[in-house]
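In case you want the letters, here they are:
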Amino acid sequence: MIEVLVVEDSPVAREFLVYLLDSDPEIKVVGTVANGKQALEALKEKTPDVITMDIHMPEMDGFEATRKIMETSPTPIVIVTASLDPLAVGTSFRAIEAGALAVVARPQGLGHPGFESDASELVKTVKLMSEVKVVRRWRKAPVAPSAAPVPASGVIGDPRVIRVIAIGASTGGPLALQTILSRLPKDFSAPVLIVQHIAPGFTQGFVEWLNQTSRLPVHLPTPGEVMLEGHAYVAPEGFQMGVNGKGRIALSQEAPEYGLRPSVSYLFRSLAKVYGERSIGVLLTGMGKDGAAELQLMREQGAITFVQDAESSVVHGMPGEAIRLGAAVYVFPPESIASALQNLVKTA
């Protein structure tokens, strides 16, 4: 039984969340509170497996509550927000910086057309996040665009010309991606294609959040868009993202892989086929196996490959599987991956 603490200031929304979560036989709501301050008090007596956290609350909001919980009583936290406005969603990702694992939409009422899918996404996310073993987070300054690169031992410049970089991530990926993009120089001479597993409705807000610290402009691409050097492109939800030989982004609604669309596997396989040794593949923290076998395919085609190390990963499923398959040329934390990319890709 997965025990959940619900943190939500609206009595109506609170009761609704309890109803949704308790309706699943594997979940039990063990407490409800109206703000972050009460959540901290509740954790002195309860040890829930997951906390669902609202953002805007009186006395102590969701950002501060998440930060304090991760410093004192580390617990998987899922941010549940009522707004899908890109700017509001982008703001919600501040809680990811504080240690929350995921952001999902609060389902609309029972008669709403999207109710079933939103409710299913909430329950699925709570279940998945209950499996994550979180650790204590100490207070630290946010990622600074001017942060110095962390040395990437053993990685030196390469004579080949890198045409494109692909990065795949899932649970824990937003913060790892923010770390990498904030450290790449604005004159970086390769496009960066990104697949991040994320709840429906949050991709645009995720892009807005990344743009706050990234030196590279971050976009949602359109079909056939030309890849520009020094730009990053996040796969739109509901589409598989690949590339063609003319330097353009290909979007399609081909079948999901590992139940995912976009999938990392689709992107990596496309790069292996089109760009081979002129590409770099990076597989970051995440559950499951998406992208692992295809990263191996990239390596077999001559690409340079990176995976995130276990110590810095929230979940080492995807990168761990890649290591098991022998797909990784290098295994680094995100800071060192950024440094290595700078060594391997010429500046414009």
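Residues numbered from 1 in each chain as written. Predicted model: local features only at pLDDT ≥ 70, side-chain atom pairs only at ≥ 80, totals over all residues. Heavy atoms only, no water.

### So, the overall build of the chain
Stage number 1. The secondary structure content of the chain amounts to 12 helices and 14 strands.
Stage number 2. When the accessible surface of the chain is summed, it comes to about 14500 Å², and 52% of that surface belongs to carbon and sulfur atoms. (Helix = DSSP H or I, 4+ residues; strand = E, 2+ residues; numbered from the N terminus. Areas by Shrake-Rupley, 256 points an atom, 1.4 Å probe, with all protein chains shown as cover.)

### Comments concerning the sheet that holds strand β3 (residues 50–53)
Stage number 1. With parallel pairing, 5 strands are arranged side by side in an open sheet as β2-β1-β3-β4-β5. This sheet does not close on itself; its edge strands, each paired only once, are β2 (27–33) and β5 (102–105). This sheet shows a mean twist of 25 degrees between the axes of neighbouring strands, independent of strand direction.
Stage number 2. Inspection of the sheet shows strand β1 (residues 2–7) paired to β3 by 4 bridges, in the parallel sense. (Pairing = 2+ DSSP bridges. Axes fitted to C-alpha atoms, helices over the stretch in contact; angles between N-to-C directions.)

### Remarks on the layout of surface pockets
Stage number 1. Taken as a whole, the second largest pocket spans an internal volume of roughly 800 Å³.
Stage number 2. Lining the second largest pocket are 34 residues; nearest its centre among them are Glu-121, His-197, Ile-198, Ala-199 and Leu-260.
Stage number 3. Put simply, the parts of the chain that give the lining of the second largest pocket at least two residues each are β5 and α6 (115–129).
Stage number 4. The dominant element in the lining of the second largest pocket, judged by the number of residues it contributes, is α6, at 5 residues.
Stage number 5. The class makeup of the residues in the lining of the second largest pocket is 18 nonpolar, 10 polar and 6 charged. (1 Å grid on protein atoms, 1.4 Å probe; cavity = no way out; pocket = protein on both sides within 12 Å on 5 of 7 lines; lining within 4 Å. Points joined across faces, edges and corners; volume = space filled by probe spheres on them. Nonpolar A, V, L, I, M, F, W, Y, C, P; charged D, E, K, R; others polar.)

### Description of the pairing of β5
Stage number 1. Side chains Ala-102 and Val-104 of β5 all project onto a buried face; the interleaved residues Val-103 and Ala-105 project onto the opposite face, where all are buried too.
Stage number 2. Sheet topology places strand β4 (residues 77–81) next to β5; 4 bridges connect them, and they run parallel. Bridge pairing in β5 places Val-78 opposite Ala-102. (Buried < 20%, exposed > 50% of the residue type's maximum accessible area, 1.4 Å probe, protein only.)

### Brief notes about the packing of helix α9 (residues 264–274) against helix α10 (residues 292–300)
Stage number 1. At a minimum axis separation of 8 Å, α9 and α10 run at an interaxial angle of 10 degrees. The angle between α9 and α10 places the two elements in the roughly parallel class. For the pair α9 and α10, contact is made by Ser-265, Phe-268, Arg-269, Leu-271 and Ala-272 and by Glu-294, Leu-295, Leu-297 and Met-298, respectively.
Stage number 2. Tallied by class, the residues present in the contact of α9 with α10 amount to 6 nonpolar, 1 polar and 2 charged. (Parallel < 35°, antiparallel > 145°, perpendicular 65-115°, else oblique. Contact = heavy atoms within 4.5 Å.)

### Examining the side chain of Asp-24
Stage number 1. Summarising the element assignment, Asp-24 is placed in the loop between α1 (11–22) and β2.
Stage number 2. Judged by its relative accessible area of 14%, Asp-24 is buried.
Stage number 3. A polar contact of 2.9 Å, which involves the side chain of Asp-24, links it to the side chain of Lys-127.
Stage number 4. Sequence-distant contacts of Asp-24, defined by excluding residues within four places in its chain, comprise Val-123 and Lys-127. (Polar contact = N/O pair within 3.5 Å; in protein donor to acceptor, adjacent residues only side chain to side chain.)

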